[in-house]
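Remarks on the overall topology
If you want the building blocks of each chain, they are given just below.
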Amino acid sequence: MKLTHRSSEKKVNGRNNNIDFSDPNIKIIALAGNPNTGKSTVFNSLTGLNQHTGNWAGKTVTHAKGSFYYRNQHYVLVDLPGTYSLLANSVEEQVARDFICFNQPHATIVVLDATCLERNLNLALQIMEITPHVIICINLLDEAQRKGYFIDLNSLNIQLGVPVVGTIAREGKGLEHLKDITYQVVNNLITPKPAKLIYSSDIERTLEKITPQLEKLLGERINARWVGLRLIDGDQSLLNAIYEHIDTFPELKKESEVLKHYGETKQSNILG
Amino acid sequence: MEHELHLCDLPVGSIGKVTRLLAIGLPRRRMLDLGLIPGTKIECVRRSPLGDPTAFHIRGAIIALRYEESQQILIKPL
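Values in this document were obtained by computation on a predicted structure and should not be read as measured data. (Residues numbered from 1 in each chain as written. Chains lettered and ligands numbered in written order. Predicted model: local features only at pLDDT ≥ 70, side-chain atom pairs only at ≥ 80, totals over all residues.)

A short note on the overall build of chain B
Our working rule: Each helix is a run of H or I in the DSSP string that is no shorter than four residues. Each strand is a run of E no shorter than two, and both are numbered from the N terminus. Here the C-beta atoms are placed from the backbone, and a residue counts as buried if at least 20 other C-beta atoms lie within 10 Å of its own, exposed if 12 or fewer do, and partly exposed otherwise. Placing a C-beta atom from the backbone of each residue, one calls two residues in contact when those atoms lie within 7 Å.
The number of helices and strands found in chain B is two helices and six strands. Each helix and strand of chain B, placed in order from N terminus to C terminus, yields the pattern β-β-α-β-β-β-α-β. Over its C-alpha atoms, taken along the principal directions, chain B stretches across nearly 30 × 30 × 20 Å. Sorting the 78 residues of chain B into buried and exposed places 28% on the buried side. Sequence-distant contacts, at least 24 apart, represent 56% of the contacts inside chain B between residues at least 6 apart.

Listed below in structure tokens is the structure:
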């Protein structure tokens, strides 16, 4: 049950569409993933089709939210637009990125297609760079099995450093486990430690220089290393989003001009 | 080292390996997200009737690229 633009036009109110982020009794869970990984199926099975349509202020991209209870805890699940990346700046990607980055959900479940893991892990790694509160949900395990793939969930878990849950959402398999892991992450019974991606030495050197400064500017609000990487990328749209959400920019802007230049000259060296 | 070709010059049915991307900025980012990194195998599957775009098999998915994009991808034919 996918949402169309039209179905979302009915309810447009407020930036976060009535999600109360300050209510300590409600845990916000973001659901991210590539298109066609069964994200909607996972969403509907978790929420029991209890979904509302939503919309983002000034954007025409839909996201749905629904809620469920598990062990007396109220969860609001936010279905982000399906994207392959958070970095290439289509509107969908910006919506997904901004939600994970600025609304800071208590946990983000990344749904991956088990038949196409190589392609899907790109997004998972990108999200793990932004936030440590990540749960990987490997869906469509039945289709992978049919293709003769064996997915070693345990070693994925070890290598990625975050919990990995296998599901067949269509048949409701693995979803209780997913809820349980979500419960544990949200209540700090498990602390995911995403494997850190190490870049080439010139990038790492630059990061060493700018990350402490960014930490001062951004505080605890956004992962400074990740913002540093985007500055080196020359990612103007993230800067714009930061200006929209945070009130400490003038210095950041100065920083970005210098780094944008750096990014442009170095970009071609990043890969071959 | 074999000679490099632009991806747009890879004939239908043949396979190449990505050696370099000439694009920069967001188009480059998009290509990387599609799985086009040096060493990626890429097969030219078919060309549309008017010659553009062309469908390529990249890491388990069929992806259509326009001439402008495939021109910016350098490959080594296998």
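Thoughts on the interface of chain A and chain B
Put simply, the rule reads: We call Asp, Glu, Lys and Arg charged. Ala, Val, Leu, Ile, Met, Phe, Trp, Tyr, Cys and Pro are nonpolar, and the rest, Gly among them, are polar.
Contacts between the two partners involve 14 residues from chain A and, on the opposite side, 15 residues from chain B. Looking at the side of chain A that touches chain B, the elements with two or more residues in it are α4 (117-130) and α11 (250-270) of chain A. Sort the elements by how many residues they give to the side of chain A that touches chain B and α4(A) lands first, with three residues. Tallied by class, the residues present in the side of chain A that touches chain B amount to five nonpolar, seven polar and two charged.

What to know about the pairing of strand β2 (residues 15-21) of chain B
For a regular strand, side chains alternate in direction, first toward one face of the sheet and then toward the other. All names here are of chain B. Counted only if it meets this: Two strands qualify as a pair provided that DSSP identifies no fewer than 2 bridges between them.
In this structure, β2 lies alongside strand β3 (residues 41-47), joined through three bridges in antiparallel fashion. Bridge pairing links K17 to K41 in β3. Pairing between β2 and strand β6 (residues 73-77): five bridges, direction antiparallel. Along β6, the bridge assignment pairs K17 with K76.

What about the nonpolar core?
In plain terms, the rule: Here, a nonpolar core denotes buried Ala, Val, Leu, Ile, Met, Phe, Trp, Tyr and Cys residues that are linked to one another through C-beta atoms within 7 Å. What marks off one domain from the next here is an automatic or database domain assignment.
With 61 residues, the main nonpolar core has A:I29, A:L31, A:V110, A:I127, A:I135, A:I136 and A:C137 as its most contacted residues. If one sorts the elements of this core by residue count, helix α9 (residues 224-233) of chain A sits on top with six residues. Looking at which domains feed residues into this core, each of domain 1 (5-186) and domain 2 (201-266) of chain A gives three or more. The residues contacting A:I127, other than those within four sequence positions of it, are A:A32, A:L86, A:I100, A:T108, A:V110 and A:V134. Of all hydrophobic cores here, the second largest spans 16 residues; its members include B:L10, B:A23, B:F56 and B:I75.

Some thoughts on the environment of A:E118
Turning to its location among the elements, A:E118 is positioned in helix α4. Under the C-beta neighbour-count criterion, A:E118 is labelled exposed, with 10 such atoms within 10 Å. Excluding residues within four positions of it along the chain, A:E118 makes contact with B:R59 and B:G60.

Quick word on the domain arrangement of chain A
All names here are of chain A. The domain architecture assigned to chain A consists of domain 1 (5-186) and domain 2 (201-266). Listed as interface residues are eight residues of domain 1 and, on the opposing side, six residues of domain 2. Examining the composition of the side of domain 1 that touches domain 2, we find that four residues originate from one element, helix α3 (residues 91-103), more than from any other.

Here we look at the sheet that holds strand β5 (residues 61-65) of chain B
Spatially, six strands are ordered β1-β6-β2-β3-β4-β5 (chain B) in an open sheet, and the strand pairing comes out antiparallel. Each edge of the sheet is formed by a strand with only one pairing partner; in this case those strands are β1 (5-6) and β5 of chain B.

Description of the confidence of the model for chain A
Residues and elements named next belong to chain A. So the rule is basically this: A residue's pLDDT is the predictor's confidence in that residue, given on a scale from 0 to 100.
Of the residues in chain A, 76% reach a pLDDT of 70 or more, and the chain-wide mean stands at 81. In the model of chain A, helix α1 (residues 5-8) stands out as the element of lowest mean pLDDT, 42, in contrast to strand β7 (residues 164-166), which has the highest, 97. Here residues 268-272 scores under 50 on pLDDT; set against residues more than four positions off or in separate chains, the count is eight contacts.

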